[in-house]
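# Structural features, examined
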Amino acid sequence: MKNTALILASGTGSRCELGFPKQFANICGKTVLEHTIKAFETHNNIDEIYIVTSKNYIQQVQEFVNKGAYKKVKKVIEGGKTRKDSSYNGIFAINDNEANILIHDGVRPLISNRIISECIEQLSRHDAVCTTVETSDTIYITGKNGVIKSIPERKNLKRAQTPQCFKLSLIKKAHELAKNDINCSVTDDCGLIMYYNLADIYTINGDINNIKITYPQDISFAETFLSDKNLT
């Protein structure tokens, strides 16, 4: 069965205050997105890569895909208005009857080989897998007025990362159900699986370094990390 990476890179990245989407920020001579693509391109067990980006950046992405000779990239796809729409567009651009799909944020360039390998390995046992890390902070649940309503046990809490991974047929079914469901406000793929109770979602251990580039200081962290690991 094919192992396919679907990289979502349609966001605007307003919190990074760059004036352009953060996936195109330069880190050690390459864009954030290029570092993300490289992580999957160089993994021995990834067969194909699909990239979803906004309409205005399709040509730019295609140009650096061609320049970087990323042989596993099969298609650059136009994104939608929301993350869910972009995921839908990417998923339904894949024509295989079945495959292992690893859906990853284009702005998580520090994903490790180990995480990708464990996602693929777990998909041999399960239909849905999510990358998570433990939370070091206590989490409060508050009401609308900011008053603390409850404090869940920290040992039961996880922070979600990506990849979120699925059998292709399962995640297609989830998106098909959500497409015309006006009551479904879920935004991410694992959320859709849970919303429609389609499968149990198993977790693998992520990595605190597998950060989502969100703020300007995240770019500095990624530059230091890649330089120190000689991954540029």
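If you're wondering where the values come from, they're calculated on a predicted model, not measured in any experiment.

Another point: the overall build of the protein. The number of helices and strands found in the protein is 7 helices and 11 strands. Oriented by its inertia axes, the alpha-carbon framework of the protein measures out at about 50 × 40 × 35 Å. When the 232 residues of the protein are sorted by exposure, 48% land in the buried category. Residue pairs at least 24 apart in sequence account for 73% of intrachain contacts in the protein once pairs closer than 6 positions are excluded. Approximately 12,200 Å² of the protein is accessible, and the part contributed by carbon and sulfur atoms is 46%. Computing the positive centroid from 29 side-chain charges and the negative centroid from 26, the protein places the two 2 Å apart.

Close contact between helix H1 (residues 32-41) and helix H2 (residues 58-67) brings their axes to 11 Å; oriented N to C, the two are set at 50 degrees. Overall, the two elements H1 and H2 adopt an arrangement that is oblique. Taken as a pair, H1 and H2 cross one another with a handedness that is right-handed. Residue-level inspection shows Leu33, Glu34 and Ile37 of H1 in contact with H2, the latter providing Val61, Phe64 and Val65.

Time to look at the environment of Arg154. When you line up the elements, Arg154 lands in the loop between strand S9 (148-150) and strand S10 (158-167). By relative accessible area, which is 42% here, Arg154 ends up partly exposed. Between the C-alpha atoms of Arg154 and Thr135, which are 19 residues apart in sequence, the distance is 7.0 Å. Not counting residues within four places of it along the chain, the set of residues in contact with Arg154 comprises Thr135, Ser136, Asp137 and Thr138.

Sheet architecture is open: 7 strands sit in the order S5-S4-S1-S6-S10-S7-S11, paired in mixed fashion. For this open sheet the edge positions go to strand S5 (73-78) and strand S11 (202-205), each flanked by a neighbour on one side alone. Pairs of neighbouring strands in the sheet enclose a mean axial angle of 25 degrees, with direction left out of account. Pairing of strand S4 (residues 48-53) with S5, which is carried by 5 bridges, proceeds in the parallel orientation. The residue of S5 that forms the bridge with Tyr50 is Lys75. Contacts from H1 reach strand S1 (3-9), S4, S5, strand S6 (100-105) and S10 within the one sheet, and its direction differs from that of S1 by about 175 degrees. Packing against the sheet, helix H5 (residues 168-179) makes contact with S6, strand S7 (128-134) and S10, and its axis sits at approximately 105 degrees to S10.

The subject of this paragraph is the environment of Gly206. As for its position among the elements, Gly206 is in the loop between S11 and helix H7 (216-228). The spacing of Gly206 and Thr131 is 75 residues in sequence and 5.2 Å in space, taken between C-alpha atoms. Excluding residues that lie within four positions of it along the chain, Gly206 makes contacts with Arg114, Ile115, Thr131, Thr132, Val133 and Gln161.

Let us now look at the pairing of S6. Burial within S6 is extensive, with 6 of its 6 residues counted as buried. Burial of the side chains of S6 extends over both faces: Asn100, Leu102 and His104 are buried on one face and Ile101, Ile103 and Asp105 on the other. Pairing of S1 with S6, which is carried by 6 bridges, proceeds in the parallel orientation. From the neighbouring strand, Asn3 faces S6, where its bridge partner is Asn100. Sheet topology note: the S6/S10 ladder contains 4 bridges and is antiparallel. Residue Ile103 lies in a different strand from S10, and its bridge partner there is Gln164.

Calculation notes
Throughout this document, residue positions are counted from 1 along each chain, in the order its sequence is written. Local features are withheld for residues below a pLDDT of 70 in this predicted model, meaning they are given only at 70 or higher, and side-chain atom pairs are given and counted only at 80 or more; totals for whole chains, interfaces and linings count all residues. Side-chain measures here rest on the full set of heavy atoms in the structure, leaving out hydrogens and waters. Secondary structure elements are defined from DSSP: runs of H or I of at least 4 residues count as helices, runs of E of at least 2 residues count as strands, and each element is numbered from the N terminus. Relative accessibility decides the category of a residue: with a 1.4 Å probe and only protein chains considered, values under 20% of the type maximum give buried, values over 50% give exposed, and everything between is partly exposed. Should any heavy atoms of two residues lie within 4.5 Å, those residues are counted as being in contact. Using a 1.4 Å probe, accessible areas were evaluated by the Shrake-Rupley method; residue-level cover was limited to the displayed protein chains. His residues and chain termini do not enter the charge count, which takes Lys and Arg as positive and Asp and Glu as negative. Working definition for charges: the position is that of NZ of Lys, CZ of Arg, CG of Asp or CD of Glu. Between N-to-C directions, angles span 0 to 180 degrees; the directions come from axes that are lines fitted to C-alpha atoms, helices contributing only their stretch in contact. Here is the rule for angles: anything less than 35 degrees is roughly parallel, anything more than 145 is roughly antiparallel, 65 through 115 is roughly perpendicular, and the remaining ranges are oblique. By convention the crossing between two helices is left-handed if the near helix lies anticlockwise of the far one by an angle smaller than a right angle, and right-handed if it lies clockwise. For two strands to be treated as a pair, DSSP must find no fewer than two bridges joining them.

Keep in mind these values describe shape, not function.
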